[in-house]
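Coordinate analysis (summary)
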Amino acid sequence: MNSFVSPFFADVMLWLMYIVLAVALCVTAYSVWHGMRTRRKGDDIVNRVPAGRIGWCVLIGLLLCLVVTFLLGSSKPVMTNGQPFTSVFWLKATDMFIYTSILLIIGCFVSAFVSRFRS
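Quick caveat, the model's predicted, so the values are computed rather than measured.

What follows deals with the overall build of the protein. A count of helical and extended segments in the protein gives three helices and four strands. Reading the helices (α) and strands (β) of the protein from amino to carboxyl end gives α-β-β-α-β-β-α. For 119 residues, the compact-globule estimate of 2.2 N^0.38 gives 14 Å, and the protein exceeds it by more than 25% at 20 Å. Here the protein, with 119 residues, has 9% of them falling under the buried criterion.

What follows is the structure, encoded as structure tokens:
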């Protein structure tokens, strides 16, 4: 007898996640398109803050973090539902998302702490 039975609403939840992901990607693409279309040349500096440079640094930092955490990710097989999962790419990608999320959460706490007690 198979002891690993799929939950009743597993298919519904998977499709709901696919729909939410597609909507999020569409909204992101529209936001980027709209921002690039309505942006003016002098918008790089806002209130004497180099917003354009900060945006590029954040993007490059995120991409660098994703690449480094992917390279540092483990490719050791794991057991899922009684079967060994050995796909090196997806094992490393999973670790990449976990490590990057942890680093971003720590960064948020550190920046909130620093900005709170900054004089």
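Another aspect to go through is the side chain of Lys 92. As for its placement among the helices and strands, Lys 92 is situated in helix H3 (residues 88-116). In this structure, Lys 92 is buried with no salt-bridge partner, the nearest side chain bearing the opposite charge being Asp 95 at 7.4 Å. With residues up to four places along the chain from it excluded, the contact list for Lys 92 reads Phe 70, Leu 71, Gly 73, Ser 74 and Ser 75.

Our next topic: the packing of aromatic side chains. For the structure shown, the criterion picks out five aromatic pairs. Grouped by ring-pair contacts, the aromatic residues Phe 70, Phe 89 and Trp 90 constitute a single cluster. Cation over ring: Arg 116 sits above Phe 117, and NZ or CZ is 5.7 Å from the ring centre.

The end-to-end C-alpha distance of helix H2 (residues 51-72) is 31 Å, a good match for the 32 Å that 22 residues give at a rise of 1.5 Å each. Residues Gly 52, Cys 65 and Thr 69 constitute the buried set of H2. Buried residues of H2, viewed axially, fall in a sector of 165 degrees; they line one side. Exposed residues on H2 whose side chains face more than 90 degrees from its buried face are Arg 53, Trp 56, Cys 57, Ile 60, Leu 64 and Leu 71.

On to the packing of H2 against H3. Pairs of packed helices are described in terms of their axes, by the angle between the two and the distance that separates them. Between H2 and H3, the shortest axis-to-axis distance is 8 Å and the interhelical angle comes to 130 degrees. Of the possible angle classes, the one that applies to H2 and H3 is oblique. Seen from above, H2 lies across H3 with right-handed handedness. Seen from H2, the contacting residues are Leu 62, Cys 65, Leu 66, Thr 69, Phe 70 and Leu 71; seen from H3, they are Phe 89, Lys 92, Ala 93, Met 96, Tyr 99, Thr 100, Leu 103 and Leu 104. Of the residues in the contact of H2 with H3, the class split is 11 nonpolar, two polar and one charged.

We note that Asn 81 has phi near 55 degrees; this positive angle belongs to a residue other than glycine. When you line up the elements, Asn 81 lands in the loop between strand S3 (78-80) and strand S4 (83-85).

Cut-offs and rules
- As a convention, each chain's residues are numbered from 1 in the sequence order in which they are written.
- Local features are withheld for residues below a pLDDT of 70 in this predicted model, meaning they are given only at 70 or higher, and side-chain atom pairs are given and counted only at 80 or more; totals for whole chains, interfaces and linings count all residues.
- Working from all heavy atoms in the structure, the side-chain values ignore hydrogens and water.
- Note on conventions: DSSP H or I runs of at least 4 residues are helices, E runs of at least 2 residues are strands, and numbering of each starts at the N terminus.
- The globule rule used for comparison is 2.2 Å times the number of residues to the exponent 0.38, while the radius of gyration itself is calculated over C-alpha atoms.
- Type-normalised accessible area, obtained with a 1.4 Å probe on protein chains alone, sets the label of each residue: buried when under 20%, exposed when over 50%, and partly exposed for intermediate values.
- Only four residue types enter the charge count: Lys and Arg as positive, Asp and Glu as negative, with His and the chain ends excluded.
- In what follows, salt bridge is the name for a side-chain nitrogen of Lys or Arg lying within 4 Å of a carboxyl oxygen of Asp or Glu.
- A contact between two residues is defined here by any heavy atoms of the two lying within 4.5 Å.
- Only rings of Phe, Tyr and Trp enter the pairing, Trp through its six-membered ring, and a pair is recorded when the two centres are within 6.5 Å. The plane angle decides the type: under 30 degrees is stacked, over 60 is edge-to-face, the rest tilted.
- The rule for a charge over a ring is simple: NZ of Lys or CZ of Arg within 6 Å of the ring centre, and within 35 degrees of the ring normal.
- Given a helix with a known number of residues, its expected span is that number minus one, times 1.5 Å.
- As used here, the arc belongs to the directions running from the helix axis to the C-beta atoms.
- To obtain an axis, a line is fitted to C-alpha atoms, over the contacting stretch when the element is a helix, and the angle between two such axes runs from 0 to 180 degrees between their N-to-C directions.
- Put simply, angles under 35 degrees are roughly parallel, angles over 145 are roughly antiparallel, angles from 65 to 115 are roughly perpendicular, and the rest are oblique.
- Here is the rule for handedness: rotate from the far helix to the near one, and if that takes an anticlockwise turn smaller than a right angle the crossing is left-handed, while a clockwise turn gives right-handed.
- Residues are grouped as follows: Ala, Val, Leu, Ile, Met, Phe, Trp, Tyr, Cys and Pro are nonpolar; Asp, Glu, Lys and Arg are charged; every other residue, Gly included, is polar.

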